[in-house]
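Chains, contacts and geometry: an overview
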Amino acid sequence: MWRALRAAEACEVCRSLVKARSAAGGPVPLPRLPLVSRSLHLPRPPARPLRPPLRLSCQPFSSLSHLPPRRWKLSPAKSSFQPRRHFWPARLAARLLRLRYLLLGSAVGGGYTAKKTFDQWKDMMPDLSDYKWIVPDFVWQLDEYIDLEKLSKALPDSESLAKLLPDLDKLAGSFSLLKDFFSTGTSGDTAFRATDASESDRQFKKVTDKERVEQLQEELLRTQLKYQRILERLEKENKELRKLVLQKDDKGIHHRHLKKSLIDMYSEVLDVLSDYDASYNTQDHLPRVVVVGDQSAGKTSVLEMIAQARIFPRGSGEMMTRSPVKVTLSEGPHHVALFKDSSREFDLTKEEDLAALRREIELRMRKSVKEGCTVSPETISLNVKGPGLQRMVLVDLPGVINTVTSGMAPDTKEVIFSISKAYMQNPNAIILCIQDGSVDAERSIVTDLVSQMDPHGRRTIFVLTKVDLAEKNVASPSRIQQIIEGKLFPMKALGYFAVVTGKGNSSESIEAIRDYEEDFFQNSKLLKTSMLKAHQVTTRNLSLAVSDCFWKMVRESVEQQADSFKATRFNLETEWKNNFPRLRELDRNELFEKAKNEILDEVISLSQVTPKHWEEILQQTLWERVSTHVIENIYLPAAQTMNSGTFNTTVDIRLKQWTDKQLPTKAVEVAWETLQEEFSRFMTEPRGKEHDDIFDKLKQAVKEESIKRHKWNDFAEDSLRVIQHNALEDRSITDKQQWDAAIYFMEEALRGRLKDTETVLENMVGPDWKKRWMNWMGRTQEQSVHNETKNELEKMLKCNEDHPAYLASDEITTVRKNLESRGVEVDPCLIKDTWHQVYRRHFLKTALSHCNLCRRGFYYYQRHFVDSELECNDVVLFWRIQRMLSITANTLRQQLTNTEVRRLEKNVKEVLEDFAEDNEKKVKLLTGKRVQLAEDLKKVREIQEKLDAFIEALHQEK
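Residues numbered from 1 in each chain as written. Predicted model: local features only at pLDDT ≥ 70, side-chain atom pairs only at ≥ 80, totals over all residues. Heavy atoms only, no water.

Turning to the overall build of the protein chain, a few remarks are in order. Counting its regular elements, the protein chain contains 36 helices and nine strands. Expressed as a percentage of its 958 residues, the buried residues of the protein chain come to 42%. For the protein chain, long-range pairs separated by at least 24 residues make up 79% of all intrachain contacts whose partners lie at least 6 apart in sequence. Counting only carbon and sulfur atoms, one obtains 51% of the accessible surface of the protein chain, whose full area is about 54,200 Å². (Helix = DSSP H or I, 4+ residues; strand = E, 2+ residues; numbered from the N terminus. Buried < 20%, exposed > 50% of the residue type's maximum accessible area, 1.4 Å probe, protein only. Contact = heavy atoms within 4.5 Å. Areas by Shrake-Rupley, 256 points an atom, 1.4 Å probe, with all protein chains shown as cover.)

Below you can see the structure in the form of structure tokens.
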């Protein structure tokens, strides 16, 4: 075409010369043209590189030889410039005639060359009409980008050429053919097909119809294979170039902000949606590629071929996929895989990393399955990056089963169906239906399920696996053709594919499987006999088709989903304003952080408790725990001996036994319980307006878990035992104040025991006469018997106030006979039980009266005077007990403030850290409408923001 442009340029120069001549009124020098008249012998211009001469075919210009040559009449030249001035019209006309020839020759030659080049290209390219649903739409809508009608109108028609060149009939036919091609757009292919058909008829006119069909099929197969090899070579080169570019970008990752890829942004949106509702109950209509199929149909193998790595656990005939696995494929400089919640990268080019990845996936699957179940609806999110990977999001679902075998939960079949339906009900989900080609088609379960979810087949892609086994085992290969053409199954689909995913060896590499698949289809009779078409085979074509369909679905639906979440966000914000107008929108994590700070503040406040408060609480609590043992097992047995020496000996022995075994342990228990009570008081004590009851469950759980983990120092009992033993060994009361305090302590203890004893005795004998008259109460028969026995025993005590603690046998007999004489039948055991309470009350009253006498006995005690009436050994005992309690409380307080409070604070922090990582705990402990509403609002906002960012990036990519 550049020749035609040069001719037009020369014509334009001539017009400019004529205009310059008329304007100047004088001669204008002509430009130096490469064309020179035959009759004009002018000197050649200075050396200037000339363009190559125009080479035209001899046939179209043979008819120009009859034209008579035109001669110029020249006058004698006075100078070298005069011939140009006097004969420039003739020279101009001659040059214009040659320009016409140049223009026409260039147009005809260019058209012929274009036609010839197009024929050569067309012979190399296969028929792409069957690839129309795979190849992007803009290829088939070429007429929208190039106005072919305007281009055809720009070319001269056959009649104009006939007027200029009456002998160019063949060229006119060529122009007509070229014009028909441009004017009809894609229908021009039909004209060329007709031309090829006529040529093939002339070529094979002596060949029979059968041989012609075979030759055409072989030629078609060779062309398809040739095209496939060209695509493979270009894809390999493209993959290497992309890897180099991505590696170059990866080197600068620390020097600039790395922009997220489009598919990674989309995958993050799906992850947030999964966290928002793990049960998949929301109106989430964002596209995914859902991979479904019967168990062991080859779903995992197809996914591995698309991901170009053996990343999934494998087993022979057993269920391996126990939960949905979301795989996000994207491009990257290195072939790696990583989980959403982990920073570890698995290098998919190394076998040890692949084995580790498979173990991790299997471990996560088994961890997600609850006890008593076989499968789980919890999704495992995995990202796979690598050069040349098609960008898409696939969800591998557990295989559909027909029978529940032993070892499975009874509801396994129903759970798998419910999970599959939940994902396939999404109107924008692309269903990749995997069918095992090596088994009978009638045994398939998944096809019926898919046809229920997508009856019109608008978003289903059917994949027939193990075609190599099917070709060997199936008696009629046309059955495979029926499956791929969609005539055997009742389900419909967008496209049908046949793939081979290896020889069944788990150790095969992806490269070996791909080579085996390509070799199989190159030698397969299914392709040679046109039962399968080239674009319907290999996982590479499947991957391209699925990716194209996925992104088409994303572009069509993502903005509508964004609008839906905007409406949801508006509704949630309105509900929050109406229910909680004065509160901030704190989600569960933010509430947990707030509660964590409050709990830590309350633990720290334990260290601010005064030592006096600790000692008072510890001393009081410890005496409450040991008072019964001191009175019943130490004081009363020793005091009832009525002998000073025996009293002191009995007290020392029993105190030593108590200190060695029970007292230190009991003291540590008291201290730990006291710490718990104080900690609970700080945790549960309301703080007025600042108190938020939403934290009560969390605080209670933290308190219980912290107390459960806390253990008192093991060395505390040993050191405490020594201190208590030394305190009880001291008998020297130094001043009157301590003596009075001991007496007061003894009186309080004895009064409490006396009160308890009178209560027991009252319950035993019933109400007295005053209560019976005032409250209209009566005694039971048993109470009456106890009352008569009590009266009889009191008479005996009045006769002998120094009676020992135990009744003799003759005394029991005397009491029983006296009662029988009054008509009261009693048992000896009843007499003993009643005596124990009667004598106890009598002894305690005597001991209290003795305390009053001992108030003045400190003078005799200090000078070691012995007075039988003022032997106050019991006062000394209670002083020893009181001093031991004080020293023990002080020791425990020091342990609490110096060690145990800090250890408890550490335990609380550990518990809070564990709870922070356990989302189930937080969901269980932080509940209520307020929490759930704030949580939903945060998630919806996050989803909307990520959707908006993804849509913006999607528009920029367009």
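Past the structure itself, the notes keep going.
Under the definition given, this model contains one disulfide. Between the sulfur atoms of Cys854 and its disulfide mate Cys872 the distance is 2.1 Å. Taking the sign of the S-S torsion, -105° for the link of Cys854 and Cys872, the bridge is left-handed. Taken together, the positions of Cys854 in helix α32 (residues 828-854) and Cys872 in the loop between α33 (858-862) and α34 (873-917) put the pair 18 residues apart, joining distant regions of the chain. Each member of the pair, Cys854 as well as Cys872, is classed as buried. (Disulfide = S-S within 2.5 Å.)

Quick look at the sheet that holds strand β7 (residues 430-436) now. Spatially, the nine strands line up as an open sheet ordered β4-β3-β5-β2-β6-β1-β7-β8-β9, and their pairing is mixed. With partners counted over all chains shown, the strands left at the sheet margins are β4 (346-347) and β9 (495-498), one partner each. Relative to β9, strand β8 (residues 460-465) runs parallel, the two being bridged by four bridges. Following the sheet pairing, Leu464 is matched in β9 by Ala498. Docked against the sheet, helix α16 (residues 446-453) engages β1 (289-293), β7 and β8, running at close to 160° with respect to β7. (Pairing = 2+ DSSP bridges. Axes fitted to C-alpha atoms, helices over the stretch in contact; angles between N-to-C directions.)

Here we take up the side chain of His710. With respect to the element layout, His710 can be found in the loop between α26 (696-709) and α27 (715-729). Given a relative accessible area of 5%, His710 falls into the buried group. A polar side-chain atom of His710 sits 3.2 Å from a polar atom in the side chain of Asn907. Not counting the four nearest positions on each side in its chain, His710 is found in contact with Trp672, Glu900, Arg903, Leu904 and Asn907. (Polar contact = N/O pair within 3.5 Å; in protein donor to acceptor, adjacent residues only side chain to side chain.)

On to helix α19 (residues 510-523), then. With 14 residues, α19 ought to run about 20 Å at 1.5 Å a step, and its terminal C-alpha atoms sit 20 Å apart, in line with that. The complete set of buried residues in α19 reads Ile510, Ile513, Glu517, Glu518, Phe520 and Phe521. The buried residues of α19 all sit within an arc of 160° when viewed along its axis, so they share a single face. (Expected span 1.5 Å × (residues − 1). Arc of directions from axis to C-beta.)

Below, the discussion takes up the pairing of β1. Taking burial as the measure, the five residues of β1 include five buried ones, the bulk of the element. Burial along β1 is two-sided: the face carrying Val289, Val291 and Gly293 and the face carrying Val290 and Val292 are both buried. Direction of pairing for β1 relative to β7: parallel, over a ladder of five bridges. Within β7, the position partnered with Val290 by the bridge is Ile431.

Where helix α23 (residues 611-639) contacts helix α25 (residues 663-684), the axes come no closer than 9 Å and their chain directions differ by 130°. Taken as axis vectors, α23 and α25 run oblique relative to one another. In this structure, α23 meets α25 at a crossing whose hand is right-handed. Each of His613, Trp614, Ile617, Leu618, Thr621, Leu622, Arg625 and Val626 in α23 lies in contact with α25, whose residues at this interface are Leu663, Lys666, Ala667, Val670, Ala671, Glu673, Thr674, Leu675, Glu678 and Arg681. Here the contact of α23 with α25 is composed, by residue class, of ten nonpolar, three polar and five charged. (Parallel < 35°, antiparallel > 145°, perpendicular 65-115°, else oblique. Left-handed = near helix turned anticlockwise from the far one by under 90°. Nonpolar A, V, L, I, M, F, W, Y, C, P; charged D, E, K, R; others polar.)

Bear in mind that shape data such as this cannot, by itself, settle questions of function.
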